[in-house]
Every structure is written in C-alpha cells, then in structure tokens.
Amino acid sequence: MKTRNLYLLVLLICLPGLFVFSQRKILAGVVKDAHSDEPIPFASLQFLNSTVGKLSDSSGKFEFYLSQWPSDTLEVTCVGYQSYRLYVPPDRDSLNIDIIMERGTFNEGAKVKTRVNKGLYLWRKIVENKPRNDKFKFQNFSYEVYNKLELDIKNLNFQKFSKFKPLRPVTDLINSSIDTTEGLPFLPTYLTEAISDYYYQPKPLRRREVIKAVNTNGVKNESMIQFLGNMDQNVSVYGNFIPVMNKQFVSPASDNGDAYYNYRVTDTQVTNKNRYYHLVFTPKRRGENTFEGDCWVHAGTFAIQKMNLRLGNDANVNFLETLSLIQEYRLLDDSTTWFLAKDKFVADISPMGKQALGFIGRKTTTYRNIVINDSSVVRELNKNKLLEEIITLPGAAEKPKDYWSTARHEELSKNEKGIIRMIDTLTNAPVFKRFTNTLNFIGTGYLNWGNFQLGPWYNWVTGNNWEGLRIRFDLGTNYKWDRKVWWHTYLAYGFRDKKVKGKAELFFLPAKHPRTYLYGSYINDLDYGQNYIGEVSSDNIFALAIRKSGIPIKRMKIEESRFEFFHETKSGFSALFASVLKQFNPLEHIPPKDSFTVSSGKPLKTFEISLRLRFAYLERFLESNFFRSSLGSPYPIPEFRITQGISGIGKSAYNYTKIMASIHDYIKIPPYGNFDFNIYAGKTFGTLPYTFLDIAPGNELYYYNKYAFSLMNKYEFIHDKYAGISFEHNIGNGIFRFLPKLKFRQFYTIKTLWGSLSDANKALNFKPGYEFQTLDGRTYLELGTGIDNILKVLRVDFVWRVLPTPLPKERAKRFGIFGSFRLTF
C-alpha cells in the first residue's frame with residue numbers, strides 16, 4: 001500500500017513536467033564571427049520587450065528552454081560587433097541556428113570618468129606577469145602541431161565570364177563543381193594539412209621541426225612544404241611586435257602598449273570556477289601599425305586566455321580588406337601554467353577593390369602533446385647541425401586517408417571535404433588546365449606547351465635605332481621534359497642592321513638540397529644590361545617610353561661562352577666557379593675595338609676564370625623545379641669574388657686580377673620600418689681597356705633602379721679601385737600619418753661611391769671624343785627621398801646629385817624625378 005502511494009505521488013509530480021516538456025520551445029545554437037568563423041563567448045542574447053535573456057557560454061553556445069516564445073525577435077549584442085536580430089517564427093517549437101555577427105567598432109559605449117583606469121591597470125598587470133605567462137620563459141619545450149591552410153578566390157563573377165565564349169567551358173565546369181560544396185561564394189584553389197613535431201630552446205637558441213605528414217590539394221610545390229609547418233608562424237601575443245604580412249605591428253601586450261592603445265575593461269565572467277576580465281583595446285592614432293580587438297584575461301595569473309586581433313580601416317597595409325588573428329591559451333595539467341592551444345589567421349586580400357576579384361586565406365594551427373623543460377627535447381635538438389633545421393620525413397606527402405582520419409587534430413568540416421573534392425575535379429579537368437596555362441602565360445609571359453616552354457611574350461617585338469624593328473623567338477623545356485636538365489634558346493633579328501642574334505643555354509641540376517648545378521651558355525647579341533642586376537632592361541616593350549632624352553645610347557655587342565659549377569652546403573656557404581671567353585664589340589658612343597692595340601690575340605677579348613664565395617646563413621628560398629628566388633636571411637650576407645684573366649686562350653689578349661667583396665643585410669626596426677644596405681669594394685690589378693675595369697652603374701631610364709646611380713649615365717665613371725655604400729630606409733607612414741586615408745609611405749636613400757684610376761689606365765682609356773671620367777678619390781653622393789605606395793603600386797623618387805661639386809660635365813643634372821612600380825603589402 002505504501003509502495004502504491006509512493007508511485008502515485010511520483011506520477012503526480014512528474015505529469016506536469018511531462019506536459020510542460022511536450023509544449024516546450026527550444027532555441028539553441030552558436031554565436032560566431034562572420035569573418036573568422038570563430039565562436040564569440042559571452043555574447044548577450046535578449047528577447048525584445050521581455051526580461052528573458054542570457055549570455056552565450058565560453059565557447060559561444062547558447063540554449064533557451066521556454067514554455068512559449070517571449071517575443072518573435074531575439075537581439076544579439078557584443079562589444080565590437082553590430083547588433084543582430086533573429087526572427088523566431090511563432091509556429092516553430094525548436095530552432096538550432098548559427099548566429100553570424102558582422103564586425104562593428106570597439107569604440108561604442110558610454111565613457112565614464114574614473115580615478116583609476118581599469119583597462120590601463122589590467123594592461124600593466126599583463127606586462128608585469130609576462131615572464132611567467134609567455135611560453136618563451138621555459139628552458140625548452142616541444143609539441144605536435146597541426147596546420148591547415150586554405151586559399152580561395154572570391155568575387156568571381158561566373159555569369160559575366162560565361163558570356164565570353166572561350167571561357168564558357170571553364171565556367172560551366174566551375175558551376176557544376178560549386179554545387180558539391182553547398183554553393184560556396186568563392187572558388188577554392190588550395191587546401192593543405194601538415195602535422196609536425198616542433199622543438200625549441202631559447203638559450204642557446206635552437207629550433208627544430210620534423211614534418212611528419214603533408215596533404216596537399218591544389219597547386220603542388222615541393223619547396224612549399226617547409227612553409228607549412230610551424231617554424232615561420234611561431235608568434236606570441238606577449239611579444240612587443242606581431243608580424244602581419246611583411247610588417248611588424250605593435251602588440252596590445254607590448255611593453256610600450258600604452259603609447260599606442262586605449263584600454264578599457266567591459267565585463268567580468270566566471271567559467272569553470274575561473275574569473276576572466278574582458279579587455280578591449282583600440283588604437284590611439286589612425287594609420288599606425290596597430291590592431292583593434294579584445295582579449296579575456298585570467299584573474300590571478302593575469303594570463304591571456306584568448307586574444308582577438310583585427311586591422312582597423314586605417315591600417316597602412318595594401319590589398320588587405322579584413323584580417324582576423326586569434327590566439328587561444330589553455331591551462332596545462334598543473335593548473336598554473338598557460339600554453340598556446342590554437343592559432344587562427346584569416347585574411348581577405350582584395351588587390352583591385354572590395355567588390356573585385358580577390359583571395360581569402362585561412363590558416364588554423366592547433367597544438368598537442370606539449371612537453372616542457374624535458375631532456376627529451378634537448379636530445380632531439382642535439383641532432384641539429386644548424387641553429388634552425390626543418391626536416392621532412394620520407395613519405396610525408398604520401399600518407400593514406402586512414403592516417404589523416406585519426407592523426408588530424410580536428411575533423412574536416414563538411415564544406416572542407418567538399419572543397420577537397422572540388423579542387424580534385426578542377427585540377428584534373430583538361431579544360432581547367434588549359435585555362436590556368438593561359439592565365440600563367442598572360443601574367444608571367446611564359447606558355448607551357450607539352451614538354452616545352454615558349455616566351456616571354458614581352459620580348460617578341462621591340463625596337464631601337466640600331467636594329468630597327470627587332471623580333472625574337474624563345475624556346476625552352478620544362479620539368480616534363482626532364483626534372484634535372486633544362487635548356488633554353490632564342491633567336492632574334494633586326495630589320496635595320498640585318499643581323500641574326502641568339503643565345504643557347506643548358507642547365508643540369510643533380511642535387512637540390514644542398515644545391516649543386518652545372519651551367520653552360522653561348523650568346524651573340526647586343527648587351528642590354530650593364531654588368532649589374534637591373535630591374536628594367538632595354539630588351540622589352542616596356543623600356544621604349546621611359547628613356548631619358550638627350551643622352552646618347554652606348555651600345556655594345558658581346559659574344560660569350562660561359563661555363564659554371566655551383567655547390568652549396570647546408571650551412572648556407574656556397575662556391576661558384578666560372579670560366580668565360582668573351583669578346584666585346586663596341587658599336588655606338590664608346591671607344592671602338594680598333595682603338596686598342598694588342599701584341600697578341602684580339603682586342604677586347606678575354607678569357608677569365610673566377611671564384612665567388614658566399615655565406616647566407618639560414619637563407620630561405622621559394623623554388624620551382626629548376627630555379628629559386630631568395631626570401632632572404634635573418635643574418636648579413638657576405639660575398640667575395642676573385643677573377644683571373646689569362647691571355648693566349650681562345651685568342652684572349654689580357655692578363656689581370658680582380659677582387660671584390662660585399663656585405664648586404666635587411667633589418668626590421670619596428671616601429672620605425674626597415675632598412676637595407678650594401679657595402680662593397682673592389683680592385684683591378686692590370687692595365688686594361690674600360691670593358692674590363694669597374695664601370696659605375698648608371699641609369700639612363702626614368703624608371704628607378706635601386707642597384708644603379710640615378711643621375712649617373714652609363715659608362716660615365718670608370719675605376720680600377722672603388723668602394724661604395726647603398727642604403728635605403730623605409731620608414732612607413734612617417735609624415736604621412738597626418739593623412740592616413742592616402743596611405744602614403746615615406747623613405748629616404750643614400751648612395752655613395754669612391755673610386756680612382758691609375759695613370760696607366762687613364763692613358764689607355766681616355767680617348768678624345770668620349771666622356772669617360774674618374775672620381776680620383778673624390779666622393780660621388782646621391783641623396784633621395786619620395787613617396788611610396790601611391791595608389792598602392794607606384795613609387796616616386798626625388799634624387800639629388802650632391803657630390804662631386806662642381807659637376808664634371810654640363811650634361812649631368814643635379815636633380816631628377818624617377819618612378820617605379822612596387823607590389824608589396
């Protein structure tokens with residue numbers, strides 16, 4: 001009887017609850033950032049005209065269980081975001097939705113005057129506790145890192161392109177592929193994953209990364225694997241500066257942060273028995289390299305639990321429409337040590353405007369298996385032969401799908417899986433391959449045709465007063481012909497001089513890491529350069545309209561046979577041995593060949609051997625199959641070259657010795673920009689024609705050349721002993737910070753040269769009717785400044801020729817204005 005009464009009592013208690021549950025309204029979901037797709041913690045959710053509301057939790061999630069809807073509109077608000085209103089249909093009993101918040105401003109809210117600025121006080125506590133919260137405080141550490149990188153094309157107008165008949169097959173293919181990714185508003189081009197083990201020790205500094213697995217979908221480049229790990233992304237918000245593209249931005253946690261940011265505390269929350277302060281920061285001045293954003297700070301340790309960084313609209317970064325940089329930290333098992341748990345970087349790049357074709361880059365990094373102050377880390381670092389090493393394990397790029405399903409730190413989303421399928425469909429479609437080859441031809445000038453390569457197209461048709469109309473045809477091989485052997489040749493013909501010119505070259509690459517190659521070439525053509533690296537030569541259609549007026553063109557024809565052997569070591573030390581047989585044949589406005597008599601051999605013909613030694617420690621490269629472009633070194637790069645001329649070989653006529661040494665460096669000095677310099681010196685031993693002496697690099701174009709003297713003409717100064725310095729300081733916005741909307745940048749340049757010429761070489765080379773000069777120990781000095789980043793791509797240099805005084809020749813000018821194109825962030 002008692003048991004029956006107990007059942008009845010329980011039934012009476014539960015029946016109302018069951019009835020209410022059957023009538024319950026459920027609203028659940030996640031509040032997310034529209035740009036980064038990251039959850040927004042502690043956002044306020046309030047039904048309008050009611051007292052019903054709550055906050056999202058620390059992971060952005062929320063749930064409402066209601067007997068009835070308080071109103072048909074839910075308003076969502078959060079500092080730094082535009083308010084969002086969600087319509088709730090009255091006839092719906094349950095709703096599960098992601099609420100996407102668009103960005104607003106962090107300057108909202110009433111400003112209350114207080115005796116103590118809580119935001120400034122909290123910033124000071126963060127800085128004060130850096131030594132115990134920054135991961136670089138440890139004696140050593142290691143972790144497994146998972147990197148996921150995605151690159152997409154946005155604002156691709158398929159309807160517009162489909163009206164152009166040749167592009168219709170491509171747009172049809174893309175449209176059919178987009179259907180598999182739920183109609184994404186962008187075209188995926190690249191998605192890659194990498195898993196590696198990273199080891200770090202601050203004193204003495206050593207770093208090591210072992211890349212264990214790489215999964216690449218899209219454009220494949222072996223040299224890119226080294227950039228998919230963690231070595232180049234080892235960033236901490238506790239640092240004084242945070243790199244964004246090629247610039248250094250002041251961190252909100254910088255030791256001098258109060259000089260650049262306004263701080264305020266907007267909220268305090270408790271989660272998992274830990275209290276967190278919500279700190280918001282905004283730039284004090286417009287146009288500086290600063291962020292805006294917010295962070296959650298743990299009370300007690302004053303450690304940053306999560307930081308969200310954005311670039312303001314006034315940030316002086318080109319082509320970057322929107323940027324999100326997020327770092328999350330978590331407590332380790334000892335409950336007192338915070339360590340990095342997640343990085344996320346999302347950038348919208350719009351080179352031609354917000355609504356035009358652009359790119360979206362997304363990089364997510366997570367960290368596991370964290371080991372701190374352990375001998376196992378030291379043992380692994382002891383394997384290093386250099387300060388920094390990146391090792392890619394054999395088979396890293398060939399891991400099966402089963403491996404990735406268990407090894408990746410987080411499962412791919414449905415869209416990401418669709419993106420992989422779409423990229424695979426596009427890259428294997430013949431019509432898409434033809435389309436990308438055409439774009440590559442237009443952009444780079446080269447067209448791949450089977451095993452061969454044609455171009456560059458901008459050298460096909462040119463003209464000058466010596467050759468008249470000049471046509472040229474190039475043919476070379478690509479990696480499909482052979483992965484170790486490359487050859488290239490061209491033929492050119494001038495309709496005025498009626499001469500055929502050409503070049504043939506062969507390149508053999510037996511080893512890439514470290515690099516070893518052999519190279520041979522033969523050329524018989526006009527010399528369009530001038531024994532220095534230039535940015536614009538005369539052998540293309542772009543140089544026709546930018547030549548200075550009134551300056552005679554010095555024209556030289558050369559016939560050269562060359563052989564090179566190059567080898568470098570893992571440490572960055574390299575040696576280049578070269579032998580050259582070369583005949584100079586002056587054509588216009590420089591002393592001709594018959595001005596120089598020789599007892600044997602041919603005038604202006606030489607055979608020389610040379611050895612160049614170079615040391616570039618930790619230099620990084622972006623490589624194609626055969627060639628590579630340097631991305632620089634964090635250390636100065638010294639170089640030494642010795643050349644010996646030998647008479648009697650191939651009718652060469654001269655014996656001489658030349659030595660040259662230089663050192664170059666590029667240094668970032670945030671927040672004052674960066675500078676680079678080149679210091680060089682050399683000497684020639686022997687009495688020789690001007691072609692074998694040092695010809696100071698002059699520039700006869702209105703296009704600025706950083707390697708030449710802007711107000712010096714070609715062949716104006718010759719020396720057998722010389723030294724020089726080239727210096728450029730890019731300040732950033734500088735004085736233009738008062739006009740932040742223009743986003744101009746300021747710089748200045750210094751170029752100086754000292755040189756002399758022996759009496760014997762003066763007697764041999766100073767011919768009547770020609771304008772050779774020598775500095776005779778005087779100083780040649782050019783000073784320049786100007787405006788960079790005009791319309792994001794143009795640079796104007798104002799250059800003054802300060803020394804020597806008076807000017808040696810009436811034709812020389814004291815002042816000049818030069819233009820150039822610069823594509824940089």
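Rules of the game
- Residues numbered from 1 in each chain as written.
- Predicted model: local features only at pLDDT ≥ 70, side-chain atom pairs only at ≥ 80, totals over all residues.
- Heavy atoms only, no water.
- Helix = DSSP H or I, 4+ residues; strand = E, 2+ residues; numbered from the N terminus.
- Polar contact = N/O pair within 3.5 Å; in protein donor to acceptor, adjacent residues only side chain to side chain.
- Buried < 20%, exposed > 50% of the residue type's maximum accessible area, 1.4 Å probe, protein only.
- Pairing = 2+ DSSP bridges.
- Phe/Tyr/Trp six-rings, centres within 6.5 Å; stacked < 30°, edge-to-face > 60°.
- Salt bridge = Lys/Arg side-chain N within 4 Å of Asp/Glu carboxyl O.
- pLDDT = per-residue confidence, 0-100.
- Contact = heavy atoms within 4.5 Å.
- Core = buried A, V, L, I, M, F, W, Y, C linked by side-chain atoms within 4.5 Å.

**A look at the side chain of Lys 148**
Step number 1: Of note, Lys 148 is situated in strand S8 (residues 141–154).
Step number 2: A polar atom in the side chain of Lys 148 sits 3.1 Å from the side chain of Glu 410.

**A word on the pairing of strand S2 (residues 44–47)**
Step number 1: Burial of S2 is one-sided: the residues Leu 45 and Phe 47 facing one way are buried, the residues Ser 44 and Gln 46 facing the other way are not.
Step number 2: Here 3 bridges tie S2 to strand S3 (residues 53–55), and the two strands are oriented antiparallel to one another. Note on S3: the bridge partner recorded for Leu 45 is Lys 54.
Step number 3: Bridging between S2 and strand S5 (residues 73–77) involves 4 bridges; their strand directions are antiparallel. Opposite Gln 46, over in S5, you have Glu 75 as the bridge partner.

**Here we look at the pairing of strand S29 (residues 573–588)**
Step number 1: Sheet analysis places strand S28 (residues 555–568) next to S29, joined by 14 bridges and oriented antiparallel. Looking at S29, one finds that Glu 560 is bridged to Lys 582.
Step number 2: Hairpin geometry of S28 and S29 is characterised by an intervening segment of 4 residues between the two adjacent antiparallel strands and by a positive phi of about 100 degrees at Gly 572.
Step number 3: Direction of pairing for S29 relative to strand S30 (residues 605–615): antiparallel, over a ladder of 11 bridges. Paired with Val 580 across the strands is Glu 608, a residue of S30.

**Observations concerning the packing of aromatic side chains**
Step number 1: Per the stated rule, a full pass over the model turns up 48 aromatic pairs.
Step number 2: Ring plane angle 20 degrees and centroid distance 5.7 Å describe the contact between Trp 123 and Tyr 263, whose orientation is recorded as stacked. Taken together, the residues span a long stretch of sequence, with Trp 123 in helix H2 (residues 118–128) and Tyr 263 in strand S13 (residues 261–271) at a distance of 140 residues. We note that Trp 123, like Tyr 263, is buried.
Step number 3: Judged by centre distance (5.9 Å) and plane angle (70 degrees), the ring pair of Tyr 238 and Tyr 329 falls under edge-to-face.

**A few points about the pattern of salt bridges**
Step number 1: Counted according to the given criterion, the structure contains 42 salt bridges.
Step number 2: As a salt-bridge pair, Glu 568 and Arg 628 come within 2.9 Å of each other at their nearest N and O atoms. Of this pair, Glu 568 sits in strand S28 while Arg 628 sits in strand S32 (residues 628–632), and the two are 60 residues apart along the sequence.

**Structural notes on unusual backbone geometry**
Step number 1: Backbone torsion omega between Gly 455 and Pro 456 reads 15 degrees, so that peptide bond is classified as cis.
Step number 2: Structurally, Pro 456 can be placed in the loop between strand S22 (452–454) and strand S23 (461–464).
Step number 3: With omega at -5 degrees, the peptide bond leading from His 513 into Pro 514 counts as cis.
Step number 4: Here Pro 514 shows up in the loop between strand S26 (499–512) and strand S27 (515–526).
Step number 5: Unusually for a residue other than glycine, Tyr 715 sits at a positive phi of about 60 degrees.
Step number 6: On the basis of relative accessible area, Tyr 715 is assigned to the buried category, the value being 10%.
Step number 7: Positive phi, close to 60 degrees, is recorded for Lys 743, a residue that is not glycine.
Step number 8: Structurally, the position occupied by Lys 743 is in the loop between strand S38 (721–732) and strand S39 (745–756).

**Some words on the confidence of the model for the chain**
Step number 1: Summing up the model confidence of the chain, the mean pLDDT is 85 and the portion of residues at 70 or higher is 87%.
Step number 2: Here residues 179–184 is a poorly scored stretch, pLDDT under 50, and it has 13 contacts once near neighbours within four places are set aside; other chains count.
Step number 3: pLDDT under 50 marks residues 530–537. Its contacts with residues more than four places away, or in other chains, come to 27 contacts.

**Examining the nonpolar core**
Step number 1: Counting residues in hydrophobic clusters, the biggest one holds 50 residues, and the most contacted among them are Tyr 143, Phe 291, Ile 304, Leu 311, Leu 320 and Phe 339.
Step number 2: In terms of residue count, the dominant contributor to this core is strand S18 (residues 338–349) (5 residues).
Step number 3: Grouped together as the second largest cluster of nonpolar side chains are 21 residues, Met 556, Ile 590, Phe 692 and Ile 695 included.

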